[in-house]
Amino acid sequence: MSKYIEYLDETIEELKKQEKELVQTNRKDEANFIRIKINICDISKTIYNVSAKKNSGSALKEEYVRQLTRLPENWKVSYQKAKENGDVQKILIEETKLEMLQVIKDKFEDLGECE
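Attention in this report is confined to the structure presented alongside it. (Residues numbered from 1 in each chain as written. Predicted model: local features only at pLDDT ≥ 70, side-chain atom pairs only at ≥ 80, totals over all residues. Heavy atoms only, no water.)

## Some points on the environment of Thr 11
And then number 1: When you line up the elements, Thr 11 lands in helix H1 (residues 3–24).
And then number 2: Relative accessible area serves as the criterion here: at 15%, Thr 11 is assigned to the buried category.
And then number 3: In the structure, Thr 11 is positioned 27 residues away from Ile 38 in sequence and 8.1 Å away in space, judged by C-alpha atoms.
And then number 4: If we ignore the near neighbours within four places in the chain, the residues touching Thr 11 are Cys 41 and Met 100.
And then number 5: Polar contacts involving the side chain of Thr 11 include one to the main-chain carbonyl oxygen of Tyr 7, which spans 2.8 Å. (Helix = DSSP H or I, 4+ residues; strand = E, 2+ residues; numbered from the N terminus. Buried < 20%, exposed > 50% of the residue type's maximum accessible area, 1.4 Å probe, protein only. Contact = heavy atoms within 4.5 Å. Polar contact = N/O pair within 3.5 Å; in protein donor to acceptor, adjacent residues only side chain to side chain.)

Right, dumping it as structure tokens:
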């Protein structure tokens, strides 16, 4: 297993612990944002695994980065619409998605490895 997938798995587990603690302390709104982060990690892991079935080495890295770059296109549109409409909750949701994806992309680049 690659260090990157290990990172995603560890991040997902840590976020699940945070989510559980927040739910137990009746902080459901905050737990929902953690759930969004978990989903972004899961999506990223799935994209990586699908890319790894078709590619390896630099081809895998190129394909994965391409997919991660395409992924937030709709989120950015949704974010802009939310800003135009003053929908604070939707703005926060889209910001959370975009920020988590950036963290994941940065970690992928930092590790610089592909199976």
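Now that the structure has been shown, the text picks up again.
## Points about the pattern of salt bridges
And then number 1: All chains considered together, the criterion is met by seven salt bridges.
And then number 2: For Arg 66, the salt bridge is made with Glu 63, and the minimal N-O distance between the two is 2.9 Å. With Arg 66 and Glu 63 both in helix H3 (residues 57–70), this residue pair falls three residues apart, about one helical turn.
And then number 3: Exposure remark for Arg 66: the relative accessible area of 40% places this residue in the partly exposed category.
And then number 4: With a closest N to O distance of 3.0 Å, Lys 90 and Glu 94 form a salt bridge. (Salt bridge = Lys/Arg side-chain N within 4 Å of Asp/Glu carboxyl O.)

## Considering the packing of aromatic side chains
Each pair of aromatic rings is reported with the distance of its centres and the angle of its planes.
And then number 1: Applying the stated criterion across every chain, the model contains seven aromatic pairs.
And then number 2: Their ring planes at 55° and their centres at 5.4 Å tell us that Tyr 4 and Tyr 48 sit as a pair that is tilted. Within this pair, whereas Tyr 4 is found in helix H1, its partner Tyr 48 is found in helix H2 (residues 28–54), the two being separated by 44 residues in sequence. Like Tyr 48, Tyr 4 is buried. (Phe/Tyr/Trp six-rings, centres within 6.5 Å; stacked < 30°, edge-to-face > 60°.)

Function cannot be read off these values alone, since they describe shape.
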